[in-house]
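# Descriptive analysis of the structure
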Amino acid sequence: MALLQISEPGGKPIQPVRKRAVGIDLGTTNSLVAARCGGSVECLPDDQGECLLSSIVYYRKGKEPLVGSAAKSEMIANPGDTIASVKRLLGKSLSEIKAERQFIPYDFNEGRDDQTPAIRTADGDKDPVIISSDILKCLVRRAEDCMQGALDGAVITVPAYFDDAQRQQTRDAARLAGLKVLRLLNEPTAAAVAYGLDSQDQGNVIVFDLGGGTFDVSLLSLQKGIFEVLATGGDTNLGGDDFDYLLADWIRNSASSEIDYDADASAHTSLLHQANQAKHRLSESPVVEVEHQGQSLQIDNIRFAQLCESLLDRTLLICTRVLRDAGKKIEDIDNIVLVGGATRMPIIRSAVAEFFGKESMTEIDPDKVVALGAGIQADILIGNKPADSFLLLDVNPLSLGIETMGELVEKIIPRNTTIPVIKAQEFTTFKDGQTAMSIHVVQGERELVSDCRSLARFELKGIPPMVAGAAKIRVEFQVDADGLLSVSARELSKGMSAEIVVKPSFGLNADTIEQMLSSSQMNAKNDMKIRALKEAQLEARQLIDATINAIDADSSLLNEPEKKSIAAIIEKLNLAITQDEQIKIHALTEQLNRISGDFAARRMDLHVSEALRGESIEKLEKS
Amino acid sequence: MQFASQNYFQLFSITEKFHIDLGVLASRYHELQIETHPDKFADSTEQEKLMAVQNTSILNEAYATLNSPLKRAGYLLYLHDVEVEQVNQDELAMDLLMEQLQLRESLEEISNDESAQSQLDDLKSRVRDKVERCELSFGINMEEKKYPGAKELFHELQFLHKLLSEIDTIEERRLGY
């Protein structure tokens, strides 16, 4: 087959090698995958033509988990085994989860460590990393079907405001799904890319991203293909779901029902479902009716806005802060981009328009815009699209520092510093003869350690004994382009190499990932069969394409009977491909290879002699 | 490419002085970013990626330093071997200390009522005026190689910026975050 794909000397290959790179928006409510298909980057649909995959996973004993709408329909019947909004659980301890959510229908278990609690399901314990990777696997399968082959890399989006733990776990989930992560990209930045790459826009853009469970605001400056994030802010625990909760509270209070929702998981789930439906209908019409427990309730957008006033205020307060951090005023903002399904709510749109004194850009579907931007970035990073002047400059969203005397935080990298960044600071011992120093890495804006998030604790040992204050300990923080941190410490004064490098404790180490990968493979023998079939189909299709291309180019080298017999085999092979008949596909591929082999040799001879003669006639005429 | 050994002004090919064209700085910064950013090495070896992270970190630090007048001033003094980390009280003029004390008092006297914001705004614009004048003289002192004078102005700038950030903190607290 390789012989068929010859190219003319100096010419372009008949089939350029394109690497398969995708952008994935791993959302709280919905997830999407986008890639370049033909000319433009598009969201890839499933076999029902649906691009949005509900981020819901249903675990059944001994079977492959169900993901998406199939899982969604199990939510009411099997609330404990059907995990929704797992993004809200990423990188959080059980106590943090419990403090944030009023009601969780899941049965939590001790996980791998404090920061990774697992949920007991019918198919065993599942932690947020595993659950997220099951969603990703579903998208990967979809992409591999659409793109006809294994993926070479992926860009995964995360909320700009995700902390280190949440980023680490997102990346772990992607690796567990077998993906090579090209970059973790902040969602608002991705949205700006989707809007701005092809235009020569200059100016300041606010990206207002209200997703299912997280809220992000970023202020970007666009200049000749360079997207520079000036400041970013947000709340990882504020999203469209919170509007559902408030509506649900309103429904249960207004309907004065007898049901104890806290004890009845199904009743609670259906109440939330009803609230969610009402919220969606309020985006279509100004007044809607809600039937609950035989009572009819009415709500309009004005009342809805009142109910949600505190949520709306929180979003606008964060906008104010981002403007301040960037040193910009409301008048400096040229465009506003709305992202996330929750920005369809009229109460959000009018609040944003009023605040900025401008209407927002909404040409691109707010559900798809992040995935599209990630797809564009993936295509560039993998090297498919030469983009010499395109670059994203991102910032770290939260300050990083270490604990000093008196439980105070010393900031080493302030928030909104452009990444990647390496910063070092020197510390000293405070006791005579001190030989060890404990280093506690924290993330957050507050001054007290207890108000910040603890990322890692480690001890630097082997400091030579000296008088207090004589040792020089250099602590170095490095944040890479994905926003992930590593810390090292070294004793300098005596040139001793007491050194330690830590990654924050949340990330999985390579061994754990390996182990998890192999155990998931044991459960997936069936997957391997499917994969073998897919590969056979792919190989056959490529051979057919190459043969047809070759005939188009050099049909004079074949006589009619030869052409006919090749056409007949191609027809049979196409049938075998559509009927998933793996053995037939193999046999016919072999046959086609044999028959076309002779043709390929003839083409080779022709092109070699042409090359020896020098420029082809066609080229001479053109020049 | 290796950035570690270059002085920040050389890195951006701009003349080593206090008053610089920030537009030129930004466009040189962007040009260099396009060459060094780790995204340009997404599909390269670990070694190349690490190199890109290090170079870009230096570039980011260099840009942040030259882009901020206060940091730029400190960096220029550092390049002329003027020690700025250690400050002796007697090196600072008495009237400078008195003035700073007065400014700080006016911040503390701001009442926590409805007029607070306009009082904060007033104070802020007074401090900003001083910053501007201070920067102007700093530039002149550096041109004339009057380093002790420049150093004193640098410390005054430090005071003023500290005050501005305290005003910011108070404002942020009033805004509720």
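Remember, predicted model here, so these are calculated numbers, not experimental data.

### Describing the overall build of chain B
Looking only at helices and strands, chain B features seven helices and zero strands. N-terminal to C-terminal, the α/β element order of chain B is α-α-α-α-α-α-α. The C-alpha radius of gyration of chain B comes to 20 Å, more than 25% above the 16 Å expected for a compact globule of 177 residues. When the 177 residues of chain B are sorted by exposure, 42% land in the buried category. Intrachain contacts of chain B at a sequence separation of at least 6 include 68% that bridge at least 24 residues. Carbon and sulfur atoms provide 50% of the accessible area of chain B, an area that totals close to 10,000 Å². Separation of charge centres in chain B, based on 18 positive and 34 negative side chains, amounts to 2 Å.

### Describing the nonpolar core
Judged by nonpolar contacts, the single largest core of 46 residues is most densely connected at Phe12(B), Leu66(B), Leu77(B), Val127(B) and Phe138(B). The set of elements that each furnish at least two residues to this core consists of strand E19 (391-393) of chain A together with helix H1 (8-11), helix H2 (22-36), helix H3 (46-67), helix H4 (69-79), helix H5 (94-108), helix H6 (116-143) and helix H7 (147-175) of chain B. Here this core takes nine residues from H7(B), the largest share from any one element. In this view, Leu77(B) contacts Val82(B), Val84(B), Phe138(B), Met142(B), Ala150(B), Lys151(B) and Phe154(B); residues no more than four positions away in its chain are not counted. Core analysis: the second largest hydrophobic core is formed by 45 residues, Ala71(A), Ala154(A), Ala174(A) and Leu184(A) among them.

### A look at the packing of helix H6 (residues 240-254) of chain A against helix H7 (residues 265-282) of chain A
Residue and element names in this part refer to chain A. For the pair H6 and H7, the least separation of the axes is 8 Å and the interaxial angle reads 110 degrees. Classified by the angle between their axes, H6 and H7 sit roughly perpendicular to one another. Contact with H6, carried on its side by Gly240, Phe243, Asp244, Tyr245, Leu247, Ala248, Ile251 and Arg252, involves Leu271, Leu272, Gln274, Ala275, Asn276, Ala278 and Lys279 of H7 and no other residues of that element. In the contact of H6 with H7, the residues fall into nine nonpolar, three polar and three charged.

### Quick notes on the packing of aromatic side chains
If you walk through the whole model with that rule in mind, you get ten aromatic pairs over all chains. A centroid spacing of 6.4 Å and a plane angle of 75 degrees characterise the contact between Tyr106(A) and Phe108(A), whose relative ring orientation is edge-to-face. An identical accessibility class is assigned to Tyr106(A) and Phe108(A); each is buried. Measuring from centroid to centroid gives 5.0 Å for Phe208(A) and Phe215(A), while their planes differ by 65 degrees, and the two rings are edge-to-face. Each member of the pair, Phe208(A) together with Phe215(A), is buried. Cluster of aromatic residues (ring-pair linked, three or more members): Tyr8(B), Phe9(B), Tyr75(B) and Tyr78(B). Over the aromatic face of Phe162(A) sits the side chain of Lys87(A), whose NZ or CZ is 5.9 Å from the ring centroid.

### A look at H5(B)
Residue and element names in this part refer to chain B. In a regular helix each residue adds 1.5 Å, so 15 residues correspond to 21 Å; H5 covers 21 Å between its end C-alpha atoms and thus fits that length. Looking only at H5, the buried set comprises Leu96, Gln100, Leu103, Ser106 and Leu107. Along H5, the residues classed as buried sweep out an arc of 120 degrees about the axis, all on the same side. For H5, exposure combined with an orientation more than 90 degrees from the buried face picks out Met94, Asp95 and Glu108. Residues of H5 that are buried make contact with H6 and H7.

Cut-offs used in this document
- Starting afresh in each chain, residues are numbered from 1 along the sequence in its written order.
- The naming scheme follows written order: chains are lettered A onward, ligands numbered 1 onward.
- Totals for whole chains, interfaces and linings use all residues, but because this is a predicted model, local features are given only for residues with pLDDT of at least 70 and pairs of side-chain atoms are given and counted only at 80 or more.
- Based on all heavy atoms of the structure, the side-chain values leave hydrogens and waters out of the count.
- In DSSP terms, a helix is any run of H or I states spanning at least four residues, a strand is any run of E spanning at least two, and both are numbered starting from the N terminus.
- Just to be clear, the radius of gyration here is over C-alpha atoms, and the globule rule we use is 2.2 Å times residues to the power 0.38.
- Each residue is assigned to one of three classes by its accessible area relative to the maximum for its type, calculated with a 1.4 Å probe on protein chains only: buried under 20%, partly exposed between the two thresholds, exposed over 50%.
- By definition in these notes, contact holds between two residues if any of their heavy atoms fall within 4.5 Å.
- Surface accessibility in these figures is a Shrake-Rupley result with a 1.4 Å probe; residues are shielded only by whichever protein chains are displayed.
- In this tally, Asp and Glu contribute negative charge and Lys and Arg positive charge; neither His nor the terminal groups of the chain are included.
- Here the site of a charge means NZ on Lys, CZ on Arg, CG on Asp, or CD on Glu.
- In this description, a nonpolar core means a group of buried Ala, Val, Leu, Ile, Met, Phe, Trp, Tyr and Cys residues linked to one another through side-chain atoms lying within 4.5 Å.
- An axis is simply a line fitted to the C-alpha atoms; with a helix, the fit covers only the stretch in contact. Between two such axes, the angle follows the N-to-C directions and lies from 0 to 180 degrees.
- Oblique is the label for any angle not under 35 degrees, not over 145, and not in the 65 to 115 range, which are roughly parallel, roughly antiparallel and roughly perpendicular in turn.
- Residues were grouped as follows: Ala, Val, Leu, Ile, Met, Phe, Trp, Tyr, Cys and Pro as nonpolar; Asp, Glu, Lys and Arg as charged; and all remaining residues, including Gly, as polar.
- Each Phe, Tyr or Trp ring, with Trp reduced to its six-membered ring, pairs with another whose centre is within 6.5 Å; inter-plane angles below 30 degrees give stacked pairs, above 60 give edge-to-face pairs, and intermediate values give tilted ones.
- Remark: a charge is flagged as sitting over a ring if the NZ atom of Lys or the CZ atom of Arg is within 6 Å of the ring centre and within 35 degrees of the ring normal.
- Helix span, as expected, comes to 1.5 Å for every residue beyond the first.
- This arc is taken over the directions from the axis of the helix to the C-beta atoms.

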